[in-house]
Amino acid sequence: MGVTHGTYDVWLRAKGQTTSPVRNITNEEVAAIYKERYWDAVGADTLPWPVSLVMFDMAVNHGVGGANRILQDALQVETDGIVGPITRGEMMHTRPDSLANEVLWSRVEKYRRLSVGTQKKFLPGWLWRVAHLRRSAGLEGQIDQVIADE
């Protein structure tokens, strides 16, 4: 269900529980892990749709700091991985759908930079993830054609 054994162990320990094989994870635990470690960690409840969905997915894929840096890169502010008053201020000046598109463009560029050598084989899957996320968020635009052309 997308939760690694390491993530499950850390989460169980934080709850004061003993570790368990990830194959024993319950749907409720998966939901709690995704909410606590990713949704809440990027403050998705405080973000407008579809930025909230994009940030949540990036936190799962890139870690919370990585998601924040991609957001900051799209906003062209200092990329320190911490969403503070400067980042939030810039977010307020951009329409949510436009911001989500800019963030996804930055994400595609990050994937392109990563797709060298043995990592190149992962690029189609990474781009599929972005395209699927765009559809889920109800976004339209030229990024879809760029992804299709890769």
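Cut-offs used in this document
- Residues numbered from 1 in each chain as written.
- Predicted model: local features only at pLDDT ≥ 70, side-chain atom pairs only at ≥ 80, totals over all residues.
- Heavy atoms only, no water.
- Helix = DSSP H or I, 4+ residues; strand = E, 2+ residues; numbered from the N terminus.
- Rg over C-alpha atoms; globule rule 2.2 N^0.38 Å.
- Buried < 20%, exposed > 50% of the residue type's maximum accessible area, 1.4 Å probe, protein only.
- Contact = heavy atoms within 4.5 Å.
- Areas by Shrake-Rupley, 256 points an atom, 1.4 Å probe, with all protein chains shown as cover.
- Core = buried A, V, L, I, M, F, W, Y, C linked by side-chain atoms within 4.5 Å.
- Axes fitted to C-alpha atoms, helices over the stretch in contact; angles between N-to-C directions.
- Parallel < 35°, antiparallel > 145°, perpendicular 65-115°, else oblique.
- Nonpolar A, V, L, I, M, F, W, Y, C, P; charged D, E, K, R; others polar.
- Salt bridge = Lys/Arg side-chain N within 4 Å of Asp/Glu carboxyl O.

Okay, the overall build of the protein chain next. Scanning the protein chain from N- to C-terminus turns up seven helices and zero strands. In sequence order, the secondary structure elements of the protein chain are arranged as α-α-α-α-α-α-α. Its C-alpha radius of gyration of 16 Å places the protein chain within 12% of the 15 Å reference for a compact globule of 150 residues. Dimensions of the protein chain along its principal axes, counting C-alpha atoms only, are 45 × 40 × 25 Å. Residues classed as buried in the protein chain amount to 41% of the 150 residues present. Contacts in the protein chain between residues far apart in sequence, at least 24 positions, make up 47% of those at least 6 positions apart. Working note: accessible area of the protein chain is about 8500 Å², and carbon and sulfur atoms make up 54% of it.

Okay, the nonpolar core next. Counting 39 residues, the largest nonpolar core has M55 and V103 as the members making the most contacts within it. Elements supplying a minimum of two residues to this core: α1 (5–14), α2 (27–39), α3 (51–75), α5 (96–114) and α6 (123–137). Among the elements that make up this core, the one with the highest residue count is α3 (11 residues). Among residues more than four places away in sequence, those in contact with V103 are V54, M58, I70, L71 and A74.

Below, the discussion takes up the packing of α2 against α3. Contact pair α2 / α3: the axes reach a minimum separation of 9 Å and the direction vectors enclose 90 degrees. The orientation of α2 with respect to α3, classified from their angle, is roughly perpendicular. Seen from α2, the contacting residues are Y34, R37, Y38 and W39; seen from α3, they are S52, F56, A59, V60 and V64. Residue composition of the contact of α2 with α3, by class: seven nonpolar, one polar and one charged.

Now for the pattern of salt bridges. This structure, assessed with the given rule, holds six salt bridges. Ionic pairing is found between R107 and D57, a salt bridge with its closest N-O pair at 2.8 Å. Residue R107 is found in helix α5, and its partner D57 is found in helix α3; the two are separated by 50 residues along the sequence. Each member of the pair, R107 as well as D57, carries the same accessibility label: buried. Across the pair R129 and D57 runs a salt bridge, and its minimum N-O distance is 3.0 Å. Of this pair, R129 sits in helix α6 while D57 is found in helix α3, placing the two residues 72 residues apart along the sequence. According to the relative accessible area criterion, R129 is partly exposed, its value standing at 25%. The exposure class assigned to D57 is buried, which follows from its relative accessible area of 14%.

By the element assignment, V116 lies in the loop between α5 and α6. Between the C-alpha atoms of V116 and G65, which are 51 residues apart in sequence, the distance is 23 Å.

Packed helices, taken two at a time, are described by their axes: the angle between them and the distance between them. The interhelical angle for the contact between α5 and α6, taken along N-to-C directions, is 175 degrees, at an axis separation of 10 Å. On the basis of the axis angle, α5 is roughly antiparallel to α6. Residues N101, L104, R107, V108, Y111, R112 and L114 of α5 form the contact with α6, whose own contacting residues are L123, W126, L127, R129, V130, L133 and R134. Along the lines of polarity and charge, the residues of the contact of α5 with α6 split into nine nonpolar, one polar and four charged.

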